[in-house]
Amino acid sequence: DAGITQSPRHKVTETGTPVTLRCHQTENHRYMYWYRQDPGHGLRLIHYSYGVKDTDKGEVSDGYSVSRSKTEDFLLTLESATSSQTSVYFCAISESTGPYGETQYFGPGTRLLVL
Amino acid sequence: AQSVTQLDSHVSVSEGTPVLLRCNYSSSYSPSLFWYVQHPNKGLQLLLKYTSAATLVKGINGFEAEFKKSETSFHLTKPSAHMSDAAEYFCVVSDRNFNKFYFGSGTKLNVKP
């Protein structure tokens, strides 16, 4: 299994509080992604990173920010959590991208409940 | 814009019978296509990927998928279902720059003994 850990694995928080989720990899892969998974929607990309300090938005980025100060860590922050952000969050990594279909490796997920 | 439609939200088969999970995509370019599997309370694992090298793609655990450009489809098949195949399956398409990925809504496969 690819060396990807996510912390915390479970979190309950209240509306309006800030929340930070951490993704840590030991593979030295360049690309890192944050997705959220909701019933009926599959996984949707929130933000991704293509290198240290290089990030870009995905399709559901509103209300989320990210930072990547080291190759191995990719942080997802909910500045002021809302109930609509209750979800399961997955981090993924890939060594590269391109037309050869680089594989993404997924972390175990973080379950976030916003009350 | 690219999109992915998985035509069945639930599929139920008996053990030992064939599996067909359907996926249609919409894209103005030649994308990379993937199938991922997610077992209950687990992360996702790659089953197979299409990268324009061959239209019939073989993956792990006996799964394969055929890319049909004229039908914009990438259906997943397996000749004989096993109980361990019970999981949720996601069809995924890349964007034009192969940096972003778009998931279908998923198909839950139930395998009956």
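Since we're looking at a predicted model, the values are computed, not measured. (Residues numbered from 1 in each chain as written. Chains lettered and ligands numbered in written order. Predicted model: local features only at pLDDT ≥ 70, side-chain atom pairs only at ≥ 80, totals over all residues. Heavy atoms only, no water.)

### Notes on the overall build of chain A
Put simply, the rule reads: Secondary structure elements follow DSSP: runs of H or I of four or more residues count as helices, runs of E of two or more count as strands, with numbering from the N terminus. Between the two quantities, the radius of gyration covers C-alpha atoms and the globule rule is 2.2 Å times the number of residues to the power 0.38. For the exposure calls, accessible area comes from a 1.4 Å probe over protein chains only, and a residue counts as buried if that area is under 20% of its type's maximum, exposed if over 50%, partly exposed in between. Contacts are residue-level and defined by heavy atoms, with any inter-residue pair within 4.5 Å sufficient. To be clear on the numbers: accessible area is Shrake-Rupley with a 1.4 Å probe, and residue cover counts the displayed protein chains and nothing else. This count recognises Lys and Arg as positive and Asp and Glu as negative, with His and chain-terminal groups excluded. A charged residue contributes its charge at one atom only: NZ of Lys, CZ of Arg, CG of Asp or CD of Glu.
Each helix and strand counted, chain A has zero helices and eleven strands in total. For a compact globule of 115 residues, the expected C-alpha radius of gyration is about 13 Å, and chain A comes in at 13 Å, within 12% of that figure. If you line up chain A on its principal axes, its C-alpha atoms span 40 × 30 × 25 Å. Expressed as a percentage of its 115 residues, the buried residues of chain A come to 49%. The long-range share in chain A, meaning contacts at least 24 apart out of those at least 6 apart in sequence, stands at 55%. Accessible surface computed for chain A: about 5,400 Å², of which carbon and sulfur atoms make up 47%. Side chains of chain A give 11 positive and 13 negative charges; the mean places of these two sets differ by 4 Å.

### Thoughts on the confidence of the model for chain B
Where the model shows low pLDDT, its predicted coordinates should not be examined in detail. Just so we agree on the cut-off: Residue-level confidence of the predictor, termed pLDDT, takes values from 0 up to 100.
Per-residue pLDDT for chain B has a mean of 92; in total, 99% of the residues score no lower than 70. In the model of chain B, strand S11 (residues 101–103) of chain B stands out as the element of lowest mean pLDDT, 91, in contrast to strand S3 (residues 19–21) of chain B, which has the highest, 98.

### Focus on the pairing of strand S5 (residues 42–51) of chain A
All names here are of chain A. The condition is simple: When DSSP finds two or more bridges between two strands, those strands count as paired.
With eight of its ten residues buried, S5 lies for the most part within the structure. As judged from the seven bridges shared by strand S4 (residues 31–38) and S5, these two strands associate in the antiparallel manner. Each bridged residue has a counterpart across the sheet, and for Gln37 the counterpart in S5 is Leu43. As paired elements, S5 and strand S6 (residues 54–57) share four bridges and run antiparallel to each other. The residue of S6 that forms the bridge with Gly51 is Asp54. With antiparallel pairing between neighbouring strands as the criterion, S5 and S6 make up a hairpin whose turn holds two residues, including Lys53 at a positive phi of roughly 65 degrees.

### Some words on the nonpolar core
Within soluble globular proteins, side chains that are nonpolar generally end up buried alongside one another. Put simply, the rule is: Grouping buried Ala, Val, Leu, Ile, Met, Phe, Trp, Tyr and Cys residues that are joined through side-chain atoms within 4.5 Å yields what is termed a nonpolar core.
Residues B:Trp35, B:Leu48, B:Phe74, B:Leu76 and B:Tyr89 are the most contacted members of the largest nonpolar core, which totals 27 residues. Contact partners of B:Phe74, with chain neighbours within four places excluded, come to B:Cys23, B:Leu33, B:Phe34, B:Trp35, B:Leu48, B:Tyr50, B:Val57, B:Ala65, B:Glu66, B:Phe67 and B:Cys91. If you look at the next biggest cluster of nonpolar residues, it comprises 19 residues, including A:Ile4, A:Leu21, A:Tyr64 and A:Ile93.

### Here's the deal with the state of the cysteines
The condition that has to hold: Disulfides are defined in this document as cysteine sulfur pairs within 2.5 Å.
Inspection of every chain in the model, using the stated rule, returns two disulfides over all chains. A sulfur-sulfur distance of 1.9 Å marks the disulfide that ties A:Cys23 to A:Cys91. Disulfide A:Cys23 to A:Cys91: torsion about the S-S bond roughly -70 degrees, handedness left-handed. Of the two residues, A:Cys23 is situated in strand S3 (residues 19–25) and A:Cys91 in strand S9 (residues 87–94); the sequence distance between them amounts to 68 residues. Each member of the pair, A:Cys23 together with A:Cys91, is buried. A disulfide bridge connects B:Cys23 with B:Cys91, and the sulfur atoms are separated by 2.0 Å. Its S-S torsion of about -70 degrees marks the bond between B:Cys23 and B:Cys91 as left-handed, since a negative value means left-handed. Here B:Cys23, found in strand S4 (residues 23–26), pairs with B:Cys91, found in strand S10 (residues 87–94); they are 68 residues apart in sequence, far enough to count as distant.

### Some words on the pattern of salt bridges
All names here are of chain A. Keep this limit in mind: Any Lys or Arg side-chain nitrogen located within 4 Å of an Asp or Glu carboxyl oxygen qualifies as a salt bridge.
According to the stated counting rule, one finds seven salt bridges over all chains in the structure shown. Across the pair Asp38 and Arg36 runs a salt bridge whose closest N-O atoms are separated by 2.8 Å. By the burial criterion, Asp38 is buried, and Arg36 matches it. Where salt bridges share partners, they join Arg22, Lys70 and Asp73 into one cluster.

### So, the sheet that holds S3(A)
All names here are of chain A. The following threshold applies: Axis lines are fitted through C-alpha atoms, for helices just across the contact stretch, and the angle between N-to-C directions can take any value from 0 to 180 degrees.
Taken in spatial order, the four strands line up as S1-S3-S8-S7 in an open sheet, and their pairing is antiparallel. A single partner strand is all that each edge strand has here, and the edge strands are strand S1 (4–7) and strand S7 (64–70). Taking the axes of each pair of neighbouring strands and ignoring which way they run, one obtains an average angle of 20 degrees across the sheet.

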